[in-house]
Amino acid sequence: MAQWTWHLSESGKARHMSDRDKEKYLIYCKDAALGYDSQPILEHFDFQVSAGEYVCVVGENGSGKSTLLKTILGLIHPISGTVQLEESIRRGAVGYLPQQTQVQRQFPASVMEVVLSGFLNQPGRSPFFRKEEKKNAVQQLKRLGIESLKNQCYANLSGGQQQRVLLARALCAASEILVLDEPVTGLDPMAAETMYENLRMLHRDGMAIMMVTHDIRSAVSQADYILHLNNGDYFFGTVEAYLDSEFSDLFSQGK
């Protein structure tokens with residue numbers, strides 16, 4: 001079990017930090033400043049995700065959640081400090097499930113074509129899908145209980161079905177970690193619970209999960225660790241420590 005100590009941010013609010021030096025880090029941020037055009041949104045930021053962990057990222061809009069995701073995905077560079085990714089992740093082996101736009105929901109492709117596209121970011125690959133990739137894609141659909149959809153048009157599926165297809169696509173890209181951005185937004189309660197059950201299953205199977213969410217009740221019931229971003233300050237620690245902190249006011253108020 002990781003050991004945790006309290007530190008104080010410049011604003012005087014408490015935040016939790018980790019000293020899990022002996023564990024395998026998939027994502028490691030140390031004293032990092034994250035932002036755009038040399039203007040930091042987060043400063044003195046320490047954050048880690050190790051193999052097999054389930055980390056939920058919560059916070060209001062504009063708190064830095066998207067900035068953190070873009071930094072981890074290599075879309076923007078940190079302003080300063082250290083942001084290190086495990087080698088396979090640097091090569092693109094991260095399963096990313098972004099928020100969908102309305103145009104993307106109408107994408108005129110088969111389910112199988114969408115899932116297979118998860119292999120396209122592999123370095124040095126040929127333009128043709130290999131037999132083992134097609135077999136893997138079917139296995140991921142079966143794993144999520146949607147193998148019967150493989151020949152259907154993606155645009156004709158329900159929102160919940162589309163999210164499970166995109167999760168299968170992410171699994172084709174992932175080696176050890178899934179990064180999800182609000183995966184249940186817009187889903188009805190039954191579809192959202194199905195998505196959460198899929199994530200619980202994948203976590204039990206050893207997949208690390210980093211999920212941005214506004215569903216804080218599900219976050220504290222599922223995650224191993226919580227990262228709460230708030231106006232330049234943050235908390236990072238176990239769910240138990242989070243519930244004992246001032247950052248959990250949003251949860252205790254039932255929002």
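Note that this is a predicted model, so its numbers are computed, not measured.

Criteria and cut-off values
Along each chain, residues carry numbers from 1 onward, in the same order as the chain's sequence is written. Whole-chain, interface and lining totals are the exception, using all residues; otherwise, since this is a predicted model, local features are given only for residues with pLDDT of at least 70 and side-chain atom pairs are given and counted only at 80 or more. Computation of side-chain values: all heavy atoms of the structure, hydrogens and water removed. The classification of residues rests on relative accessible area computed with a 1.4 Å probe and restricted to protein chains. Under 20% of the type maximum is buried, over 50% is exposed, and intermediate values are partly exposed. Strands are runs of DSSP state E lasting at least two residues, helices are runs of H or I lasting at least four, and both sets are numbered from the N terminus onward. Two strands pair if DSSP finds at least two bridges between them. Between the N-to-C directions of two axes lies an angle of 0 to 180 degrees, each axis being a line fitted to C-alpha atoms and, for a helix, fitted only over the stretch in contact. Here the word oblique covers every angle except those under 35 degrees (roughly parallel), over 145 (roughly antiparallel) and from 65 to 115 (roughly perpendicular). What makes a crossing left-handed is the near helix being turned counterclockwise from the far one by less than a right angle; a clockwise turn instead makes it right-handed. We call two residues in contact whenever any of their non-hydrogen atoms come within 4.5 Å of each other.

(A) Just the pairing of strand 10 (residues 225–230), in detail. Burial of strand 10 is extensive: 5 of the 6 residues sit out of reach of the surface. In this structure, strand 5 (residues 54–59) lies alongside strand 10, joined through 5 bridges in parallel fashion. Directly across from Val-57, in strand 10, lies its bridge partner Leu-227. The hairpin turn running from strand 10 into strand 11 (residues 233–238), its antiparallel successor, is 2 residues long, and Asn-231 in that turn takes a positive phi close to 50°.

(B) Structural detail: the packing of helix 6 (residues 159–173) against helix 7 (residues 189–204). Where helix 6 contacts helix 7, the two axes come as close as 9 Å, and the packing angle between them is 20°. Between helix 6 and helix 7, the angle is such that the two are roughly parallel. In this structure, the crossing between helix 6 and helix 7 has a hand that is right-handed. Of the residues in helix 7, those touching helix 6 at Gly-160, Gln-163, Arg-164, Leu-167 and Leu-171 are Ala-191, Thr-194, Met-195, Asn-198, Leu-199 and Leu-202.

(C) A look at the sheet that holds strand 6 (residues 80–85). The strand order across the open sheet built from 3 strands is 4-3-6, with neighbouring strands paired in antiparallel fashion. Where the open sheet ends on each side, the last strands, each with one partner, are strand 4 (39–50) and strand 6. For this sheet, the mean inter-axis angle between neighbouring strands, taken without regard to orientation, is 20°. As defined by bridge partners, strand 3 (residues 25–36) adjoins strand 6 across 5 bridges and the pair is classed as antiparallel. Along strand 6, the bridge assignment pairs Tyr-28 with Gln-84. Relative to strand 3, helix 1 (residues 65–72) is tilted by about 125°, and along the sheet it contacts strand 3, strand 4 and strand 6.

(D) Quick peek at the sheet that holds strand 10. Across the sheet, which stays open at both edges, the 6 strands sit in the order 7-8-9-5-10-11 with mixed pairing between neighbours. The open sheet has two free edges, formed respectively by strand 7 (95–97) and strand 11, since each of these has just one partner strand. Taking each pair of neighbouring strands and ignoring which way they run, the sheet shows an average axis angle of 10°. By the bridge criterion, 4 bridges tie strand 5 to strand 9 (residues 208–212) in an arrangement that is parallel.

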